[in-house]
Structure formats: C-alpha cells, structure tokens
Amino acid sequence: MLFFSLFKTLVGKEVTVELKNDLCISGALHSVDQYLNIKLTNTRVHNEQKYPHMMSVRNCFIRGSVVRYVHLPPGAVDVEVLHDATRREARGG
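Here the structure is a predicted model, which means the values were calculated and not measured. (Residues numbered from 1 in each chain as written. Predicted model: local features only at pLDDT ≥ 70, side-chain atom pairs only at ≥ 80, totals over all residues. Heavy atoms only, no water.)

**Some thoughts on the nonpolar core**
Heads up, the condition is: Definition of nonpolar core: a set of buried residues of the types Ala, Val, Leu, Ile, Met, Phe, Trp, Tyr and Cys, connected through side-chain atoms within 4.5 Å. Think of it in three bands: with a 1.4 Å probe and only protein chains considered, a residue is buried below 20% of the maximum accessible area for its type, exposed above 50%, and partly exposed in between. Only runs of H or I of at least four residues qualify as helices and only runs of E of at least two qualify as strands under DSSP, and these elements are numbered from the N terminus. Whether two residues are in contact is decided by their heavy atoms, any of which lying within 4.5 Å being enough.
Core analysis: the largest hydrophobic core is formed by 19 residues, its most contacted members being Val 17, Leu 19, Leu 23, Ile 25, Ile 38, Leu 40 and Ile 62. For this core, the elements supplying multiple residues, two or more each, are α1 (2–8), β1 (14–19), β2 (24–32), β3 (38–45) and β4 (59–62). Not counting the four nearest positions on each side in its chain, Val 17 is found in contact with Leu 23, Cys 24, Ile 25, Ile 38, Leu 40, Ile 62, Val 67 and Tyr 69.

**Focus: the pairing of β2**
Put simply, side chains in a regular strand alternate between the two faces of the sheet. Stated formally: Here, strands pair whenever DSSP counts at least two bridges between them.
Burial runs high along β2: 7 of the 9 residues are buried. Pairing analysis gives 5 bridges linking β1 to β2, with the strands arranged antiparallel. Looking at the pairing, Val 17 lines up with Ile 25 of β2. Counting the residues between successive antiparallel strands, the hairpin from β1 to β2 contains 4 residues, one of them, Asp 22, with a positive phi of roughly 75 degrees. Two strands pair when backbone bridges link them, and β2 and β3 are joined in this way by 6 bridges, in the antiparallel orientation. The partner of Ser 31 across the bridge, within β3, is Lys 39. Where β2 folds back on β3, the antiparallel hairpin that results is connected by 5 residues, among which Leu 36 adopts a positive phi of roughly 60 degrees.

**What to know about the UniProt feature "domain: Sm" (unreviewed entry) in the protein chain**
Quick reminder of the rule: UniProt positions are given in the numbering used here, feature names are shortened, and annotations may be inferred rather than shown by experiment.
According to UniProt, the feature "domain: Sm" (unreviewed entry) maps to residues 2–76 in the numbering used here. Helix makes up 9% of residues 2–76 and strand 43%, with an end-to-end C-alpha separation of 16 Å.

See the structure below:
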C-alpha cells in the first residue's frame, strides 16, 4: 500500500511510464488503483519513429503488470517522509 499511497499524491503531475516492451509514455497522471494500474492523459511517446501508431493516442490506461519503471518528476516526492513510511512498514506498524 506504500506505493499506492505515494502515487495517489502524484495525481495531476507529469510522469513517464516505461513498459516491459520498451515503450516509454509520458503524460499527466490521472489516476492509479491498488493494482498500480495507471491512467495517463495528454500522452506522448518518446520514440515516435519506432511507435508511429501511438502518436494519435492522447489518453491511455496501463495495466500495472506491464510497467517496468515509473519516472517521477524531480522534487515530487518528499524523501524523508518516504523513508519514515518505509521504516514503519518494515517494523509492521
């Protein structure tokens, strides 16, 4: 639940999602659920030459199981709060 809570704080911010098939999609985080499924708006693809069919896609839903990485904007996460939450979760509290 730690990552779900973290991503809920990033709704509305610009993120880049890298998929397991090497496709990178950037867009505004619209929503995320407990399975870490992600909905992006105002999307754009990083390698347009390799994925020209994705240029017309403006909104997308990404299943959590196909996500490799989520690149967050700099300064979007308070690292100290994240460290504290991680410690609490590790202790079982």
